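# Fold and geometry: a report
Next come the chains, spelled out residue by residue.
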Amino acid sequence: MIIVYNADEGWASSLMDAVHKIVRPETYACSLCMISYGAVSMRKPWRKYLDGLPHDVQFYHRQDFSRAYPPERFPIVKTLDLPAIMVDVAGDLQILLSSDQLALLADVEDLITQTNQGLLAIQN
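Here is what the cut-offs are and how they apply
Residues numbered from 1 in each chain as written. Predicted model: local features only at pLDDT ≥ 70, side-chain atom pairs only at ≥ 80, totals over all residues. Heavy atoms only, no water. Phe/Tyr/Trp six-rings, centres within 6.5 Å; stacked < 30°, edge-to-face > 60°. Buried < 20%, exposed > 50% of the residue type's maximum accessible area, 1.4 Å probe, protein only. Helix = DSSP H or I, 4+ residues; strand = E, 2+ residues; numbered from the N terminus. Polar contact = N/O pair within 3.5 Å; in protein donor to acceptor, adjacent residues only side chain to side chain. Contact = heavy atoms within 4.5 Å.

### Details of the packing of aromatic side chains
For the structure shown, the criterion picks out six aromatic pairs. When the ring of Tyr60 is compared with that of Phe65, the centres are 5.9 Å apart and the planes differ by 65 degrees; the resulting orientation is edge-to-face. The exposure classification of Tyr60 matches that of Phe65, with both residues buried. Aromatic pair Tyr69 and Phe74: ring centres 4.9 Å apart, planes at 65 degrees, arrangement edge-to-face. Residue class for Phe74 comes out buried when judged on its relative accessible area of 7%. Grouping aromatic residues by their ring pairs yields a cluster made of Tyr60, Phe65, Tyr69 and Phe74.

### Thoughts on the side chain of Thr115
Checked against the element boundaries, Thr115 lands in helix 6 (residues 108–123). According to the relative accessible area criterion, Thr115 is buried, its value standing at 0%. A polar contact of 2.7 Å, which involves the side chain of Thr115, links it to the backbone oxygen of Leu111.

### Side note on the side chain of Ser36
Looking at the element boundaries, Ser36 is found in helix 2 (residues 31–36). The class of Ser36 is buried, set by a relative accessible area of 0%. From its side chain, Ser36 meets the backbone oxygen of Leu32 in a polar contact 2.6 Å long. Not counting chain neighbours up to four residues away, the residues in contact with Ser36 comprise Tyr5, Met42, Arg43, Trp46 and Leu111.

Below is the structure:
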């Protein structure tokens, strides 16, 4: 599973994001970060869920994702809105949860439920 945040990498960006989530959460650009993270760390139910998956889970920020999955090799990246949760199926990226879907989620439990449904749909 590939989890891509709509946030920049690095400690300074993480600090700015933490402040932004607290001060102006309604304008924060990463709905996945808002649901899956507290001010500084991943929420325990989400961490436990990810740790229990039988797949590898890779985490990316905008910049490192575009380096790992260049648009020349992965055309979906050209039009992908972030954040997103995807899987790599035989070298082809498939979206489990899009940015629009993630924006509609209410909490971690909803995120886990929707991720499970996406994984089941991909497997069938």
